[in-house]
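So the chains spell out like this:
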Amino acid sequence: EDQGEGTPLVFVHGWTCSSQVWQKNVSELAKKFRVVTLDLRGHGNSVKTLTGHTVPQYARDIRALIEHLALTDAVLIGWSLAGPVVLAYWQQYSADSRLRGIGLIDFNSSPLSSADWNSHRLKNFNLDAMNAGFVAMVDDPAGYAANFARRVFFREQVCEDVLLWLTTEIRKTPPWIATAIYSDYLTRDYTDVLPTITLPTIVFGANSPIAEQGLAQCRYLAGLVPDSQFVGFEDAGHILFYEQPEKFNAALASFVLNIA
């Protein structure tokens, strides 16, 4: 979807989600900017292709979209798993990025890492837990999706209609695609890419059942980017832009206007 005019903002959703997660952000930001959202391959309403479910390929898909829309001086914004997708984009296209800035939302550059900053539940290369999660997803896709939907929020007391909506979006990604891209994401490390970024970058972070120390984790990762600013959310979770859209929209708009 493509709305508004001005500096292009390209939003990339996280694992098993879709472009619908930005519903509280698009209309407001489109008053000042051109806002482009997409469903990654295999996710949302995109084709359920059986190939290409790697972080670098997802970055190449985004490049193809940017070229198709003839975007220049865009701000590429990735949430969660899409944080590494944005970093993979920069790694491949930094010489001709077509970007003016970068946004990283509650992300992890190396989920299996044993580094002190890492707060992922699979830290220290916990592949047994990874496989157990994949088995749980395949055995009970509906239950897994419902549990995952609840865990992205700051608190468990979430409106049931909202949980049903997000669960429905998550279930649009088949388990075989979800496991393929997640296993690829887990085994990659983009931490060394962060210091190479030469564009203004904004990083958002929060704590949630997904990453209980996500705030500290993202603050640390933001510090590795030479020209970055960090925006923390003390009372929002992994899906912070949905829980606190006014704060998120204002911070992102201010960032973009300052680098325009």
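No experiment lies behind these values; they were computed from the predicted model shown.

Before going further, it helps to examine the nonpolar core. Leu9, Leu166, Phe204, Phe241 and Leu252 are the most contacted members of the largest nonpolar core, which totals 92 residues. The element contributing the most residues to this core is helix α3 (residues 82-93), with eight residues. Setting aside anything within four residues of it in sequence, one finds phenylalanine 204 in contact with Leu104, Ile105, Asp106, Cys218, Phe230, Val231, Phe233, Leu240, Phe248, Ala251 and Leu252.

Looking now at the environment of arginine 100. Structurally, the position occupied by arginine 100 is in strand β5 (residues 99-105). A residue is classified by how much of its surface remains accessible, and arginine 100, at 22% relative accessible area, is partly exposed. Residues arginine 100 and threonine 7, 93 residues apart in the sequence, show an inter-C-alpha distance of 8.9 Å. The contacts of arginine 100, once residues within four sequence positions are left out, are Thr7, Asp73, Ala74, Leu199, Pro200, Ile259 and Ala260. Looking at arginine 100, its side chain comes within polar contact range of the side chain of threonine 7, at 3.4 Å.

Bringing helix α7 (residues 175-186) into the picture now. Between its terminal C-alpha atoms α7 stretches 16 Å, which fits the 16 Å expected from 12 residues at 1.5 Å a residue. The buried fraction of α7 amounts to nine of the 12 residues, a majority that puts the element mostly inside the structure. Next to the buried residues of α7 lie α2 (55-68), α3, α4 (127-139) and α5 (141-151).

Rules used in this analysis
- Residue numbers run consecutively from 1 along every chain, following the written order of its sequence.
- Whole-chain, interface and lining totals are the exception, using all residues; otherwise, since this is a predicted model, local features are given only for residues with pLDDT of at least 70 and side-chain atom pairs are given and counted only at 80 or more.
- The basis for every side-chain value is the complete set of heavy atoms in the structure, and neither hydrogens nor water enter the calculation.
- The nonpolar core is taken to be a set of buried Ala, Val, Leu, Ile, Met, Phe, Trp, Tyr and Cys residues, with the residues joined through side-chain atoms within 4.5 Å.
- Each residue gets one of three labels from its accessible area relative to the maximum for its type: buried under 20%, exposed over 50%, partly exposed in between, using a 1.4 Å probe on protein chains only.
- Helix and strand assignments come from DSSP, with helices taken as H or I runs of at least 4 residues and strands as E runs of at least 2, each series counted from the N terminus.
- In what follows, residue pairs with any heavy atoms lying within 4.5 Å of each other are defined as contacts.
- Here a polar contact means two N or O atoms within 3.5 Å. Within protein one must be a hydrogen donor candidate and the other an acceptor candidate, and residues neighboring in sequence count only if both atoms are side-chain atoms.
- Any helix carries an expected span of 1.5 Å times its number of residues minus one.

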